[in-house]
Amino acid sequence: MTAVPRLLVILGLLVGPLLSPAGAQALPELKASLNSAFLVAGEEATLTLEITAAERPFRAPEPPIVQNVTFTPQQDGIRLAGGLHRYIYPFTVRSFEEGTHYIPPMSIQVGTRTFRSQPLQLHVSHLNVDSWKQATVGGAPIDYAAAIFVPPRRPYVGETIPVEAKIYLPKSVPLVESSVATIPQTGVATPRFETSKDSRT
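Quick look at the structure, then.

Parameters at a glance
Residues numbered from 1 in each chain as written. Predicted model: local features only at pLDDT ≥ 70, side-chain atom pairs only at ≥ 80, totals over all residues. Heavy atoms only, no water. Pairing = 2+ DSSP bridges. Helix = DSSP H or I, 4+ residues; strand = E, 2+ residues; numbered from the N terminus. Axes fitted to C-alpha atoms, helices over the stretch in contact; angles between N-to-C directions. Core = buried A, V, L, I, M, F, W, Y, C linked by side-chain atoms within 4.5 Å. Buried < 20%, exposed > 50% of the residue type's maximum accessible area, 1.4 Å probe, protein only. Contact = heavy atoms within 4.5 Å. Phe/Tyr/Trp six-rings, centres within 6.5 Å; stacked < 30°, edge-to-face > 60°. Lys NZ or Arg CZ within 6 Å of the ring centre and 35° of its normal. Salt bridge = Lys/Arg side-chain N within 4 Å of Asp/Glu carboxyl O.

Some thoughts on the sheet that holds strand S3 (residues 38-40)
Next, step 1: Taken together, three strands build an open sheet; the order of strands is S3-S11-S8 and the sheet is mixed. Looking at strand neighbours, the two that pair on one side only are S3 and strand S8 (99-103), the edges of this open sheet. Looking at each pair of strands side by side, their axes are set apart by 25 degrees on average, direction ignored.

Considering the pairing of strand S7 (residues 84-95)
Next, step 1: Where strand S4 (residues 44-53) meets S7, 10 bridges bridge the pair, whose relative direction is antiparallel. Note that in S7 the partner of Thr-46 across the bridge is Thr-92.
Next, step 2: Relative to S7, strand S5 (residues 69-73) is paired through five bridges, and the arrangement is antiparallel. If you follow Pro-73 over to S7, its bridge partner there is Phe-91.

Comments concerning the nonpolar core
Next, step 1: Residues Leu-34, Leu-47, Leu-122 and Leu-127 are the most contacted members of the largest nonpolar core, which totals 33 residues.
Next, step 2: The greatest single-element share of this core, amounting to five residues, is contributed by S4.
Next, step 3: Those residues in contact with Leu-34, other than ones at most four positions away along the chain, are Thr-46, Leu-47, Val-93, Ile-103, Leu-120, Gln-121 and Leu-122.

Some details on the environment of Lys-133
Next, step 1: Considering the arrangement of structural elements, one finds Lys-133 in strand S12 (residues 132-137).
Next, step 2: Among the residues examined, Lys-133 registers a relative accessible area of 41% and is labelled partly exposed.
Next, step 3: Spatially, the C-alpha atom of Lys-133 lies 5.9 Å from that of Asp-143, the residues being 10 residues apart in sequence.
Next, step 4: Residue contacts for Lys-133: discarding those within four places in its chain leaves Ile-142, Asp-143 and Tyr-144.

Considerations on the packing of aromatic side chains
Next, step 1: Counting across every chain of the model gives one aromatic pair.
Next, step 2: Taking NZ or CZ as reference, Lys-166 lies 5.7 Å from the ring centre of Phe-149, over its face.

Thoughts on unusual backbone geometry
Next, step 1: One non-glycine residue, Asn-68, lies in positive phi territory at about 70 degrees.
Next, step 2: With respect to the helices and strands, Asn-68 occurs in the loop between S4 and S5.

Focus: the pattern of salt bridges
Opposite charge on two side chains allows them to pair when their charged atoms are near.
Next, step 1: Under the counting rule described, the total for this entry stands at five salt bridges.
Next, step 2: A salt bridge links Lys-166 to Glu-43, with the nearest nitrogen and oxygen atoms 3.0 Å apart. Of this pair, Lys-166 sits in strand S14 (residues 162-169) while Glu-43 is found in the loop between S3 and S4, placing the two residues 123 residues apart along the sequence. Taken as a pair, Lys-166 and Glu-43 share a single burial class, namely buried.
Next, step 3: The salt bridge partner of Arg-86 is Glu-50, with a shortest N-O separation of 3.6 Å. Separated by 36 residues along the polypeptide, Arg-86 in strand S7 and Glu-50 in strand S4 bring together distant segments of the chain.
Next, step 4: Under the relative-accessibility criterion, Arg-86 is labelled partly exposed at 26%.

Digging into the pairing of strand S6 (residues 77-81)
Next, step 1: Bridge count between S6 and S7: five bridges; the pairing is antiparallel. From the neighbouring strand, Leu-80 faces S7, where its bridge partner is His-85.
Next, step 2: Linking two consecutive strands that pair antiparallel, namely S6 and S7, is a turn of two residues; a positive phi of about 60 degrees is found at Gly-82 within it.

Put into structure tokens, the structure is as follows:
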């Protein structure tokens, strides 16, 4: 069965938020993030680099070099952030190679200083056959896939780990609003999941 193009990503985090010391002042920091760290082979995600600074970076960052993973630069952007500017550099990420891919730190120069982002992990896998289901929408049957993705290792007790639940829907099915279903859980704690929509093929 072929993959369907519309994707609803539901992101969550298990146990244990990180706290910053009270009164600490934030220094300029280059932050890297993935809108999805768990992909099906051939699926796309967005890697975003952000830095808030008083002056524009010397040049846009170069995409990282990772075997079997492609990074395509998107249009960069600028937003105001408390009197400073937040510079945003997105990249489209794609891989057909299953496994865990390590994205190294990326760097950017602002003035005379060079900032480096944190490394990231990208997990690429396949959808199991039992992930495919059928439902009736508007009187017509549709095929969809649903799966929960967790890091491919056993966490230690009390560890915070990222978890993503994804629903793949046909592009013909309109998705105006979405809500989060209750996910059965035993022995774990999760805050309410946030949803995001991705309509790329």
